[in-house]
Amino acid sequence: MSPNPRPPRRGIFAWLRTSFLTGLVVVAPAALTIWLITGFVEFVDSRVVPLIPLRYLPEQLATLEIPGIGVVIALLFVLIVGWVAKGFIGRSLISWAEDIVARMPVIRSIYNAIKQIAETIFSQSNNSFSRACLVEYPRPGLWAVAFVSTETRGEVATKIGGEGLISVFLPTTPNPTSGFLLFVPEADVRMLDMSVEDAAKLIISAGLVAPDPDRPGQVTNRRRRA
């Protein structure tokens, strides 16, 4: 019996399965991205183009169908609304409209929720998470990925009576929009070199997509390595 037996050769079906899964990992993200972008463009075009008089459509001038013209018109409309909203008259109209919405029981809840999400996503201020970190949770010896918010101030810092406390947001998996607000001594927090975006990908994927420590900003699929 040979001391170093050769590993069993993989069959054709195993090779086909591995090749198919590898190709799926490469093709699926690109296909889904193209599908989402195409669906978004077609959706906006189908809603915006019918509102434009035929004589003003570029297709009537160039006798050529131009995909995405509805998206361009919608972007210009949003740009004009934003320009008007920054002025005094625009702010007054928005305040008047929001007062009316605030009197509608169901609509105000939906509007306020969507408005809060939009302000959080598109806010241009620096009120965002500064760094990703590790904290011991739910007990010592177990570590969880979290985000550093700011230094703990106000009544919370006074009541706790400790210095060097930082506010940390501990998100849940796979939905990082919910989680826990923790006030932790800075000495008990381990800062990470990965970006906040990479940490969010790690949380959303339940650890399957991890940042590459040798290539900052790059992520690796742990399944592919397995």
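Refer to the structure presented above.
Residues numbered from 1 in each chain as written. Predicted model: local features only at pLDDT ≥ 70, side-chain atom pairs only at ≥ 80, totals over all residues. Heavy atoms only, no water.

(A) Main features of the overall build of the protein chain. When helices and strands are tallied, the protein chain shows 8 helices and 7 strands. Counting every position in the protein chain, which comprises 226 residues, the buried fraction comes to 19%. Partitioning the contacts of the protein chain with sequence separation of at least 6, the portion at a separation of at least 24 is 35%. Counting only carbon and sulfur atoms, one obtains 64% of the accessible surface of the protein chain, whose full area is about 18,000 Å². (Helix = DSSP H or I, 4+ residues; strand = E, 2+ residues; numbered from the N terminus. Buried < 20%, exposed > 50% of the residue type's maximum accessible area, 1.4 Å probe, protein only. Contact = heavy atoms within 4.5 Å. Areas by Shrake-Rupley, 256 points an atom, 1.4 Å probe, with all protein chains shown as cover.)

(B) Representation of the packing of aromatic side chains within the structure. Applying the stated criterion to the full structure yields 1 aromatic pair. Judged by centre distance (5.9 Å) and plane angle (35°), the ring pair of Tyr137 and Phe180 falls under tilted. Here Phe180 lies in strand β4 (residues 179-185) and Tyr137 lies in the loop between β1 (131-136) and β2 (143-151), a separation of 43 residues in the sequence. (Phe/Tyr/Trp six-rings, centres within 6.5 Å; stacked < 30°, edge-to-face > 60°.)

(C) Spotlight on the sheet that holds β1. Taken in spatial order, the 5 strands line up as β4-β3-β2-β1-β5 in an open sheet, and their pairing is antiparallel. Strand pairing shows two members of the sheet lacking a second neighbour, β4 and β5 (190-191), which therefore form its edges. Those strands touched by helix α7 (residues 196-204) are β1, β2 and β3 (165-171), and its axis lies near 145° from that of β2. (Pairing = 2+ DSSP bridges. Axes fitted to C-alpha atoms, helices over the stretch in contact; angles between N-to-C directions.)

(D) The pairing of β3, seen in detail. With respect to burial, β3 is a largely interior element, 7 of its 7 residues being buried. Covered by surrounding structure in β3 are Leu165, Ser167, Phe169 and Pro171 together with Ile166, Val168 and Leu170, the residues of both alternating faces. Of the pairings in the sheet, the one linking β2 to β3 comprises 4 bridges and is antiparallel in character. By the bridge assignment for β3, Phe147 is matched with Phe169. Bridge count between β3 and β4: 7 bridges; the pairing is antiparallel. Residue pairing in the sheet places Ser167 in a bridge with Phe183 of β4.

(E) Structural context of the side chain of Ser205. Looking at where Ser205 falls in the secondary structure, it is placed in the loop between α7 and β6 (209-211). In terms of polar contacts, Ser205 uses its side chain to reach the backbone amide nitrogen of Val209, at 2.9 Å. (Polar contact = N/O pair within 3.5 Å; in protein donor to acceptor, adjacent residues only side chain to side chain.)

(F) How the structure looks around the environment of Thr150. Inspection of the secondary structure assignment puts Thr150 in strand β2. Along the primary structure Thr150 and Phe183 are separated by 33 residues, whereas in three dimensions their C-alpha atoms are 9.9 Å apart. In contact with Thr150, other than residues within four places in its own chain, are Ile166 and Ser167. Reaching out from Thr150, the side chain makes a polar contact with the side chain of Arg153 at a distance of 3.1 Å.

(G) Inspection of unusual backbone geometry at higher detail. Following Tyr137, the chain continues to Pro138 via a peptide bond in cis, the omega torsion being 5°. Positionally, Pro138 belongs in the loop between β1 and β2.

(H) The arrangement of the nonpolar core in detail. One finds Cys133, Val135, Ala144, Ala146, Val148, Ile166, Val168, Leu170, Leu182, Val184 and Val189 forming the largest nonpolar core, which totals 11 residues. Elements with a minimum of two residues in this core: β1, β2, β3 and β4. Once residues lying within four places of it in the same chain are set aside, the contact partners of Leu182 are Tyr137, Ile166, Ser167, Val168 and Leu170. Of all hydrophobic cores here, the second largest spans 9 residues; its members include Phe169, Leu192, Ala199 and Ile203. (Core = buried A, V, L, I, M, F, W, Y, C linked by side-chain atoms within 4.5 Å.)

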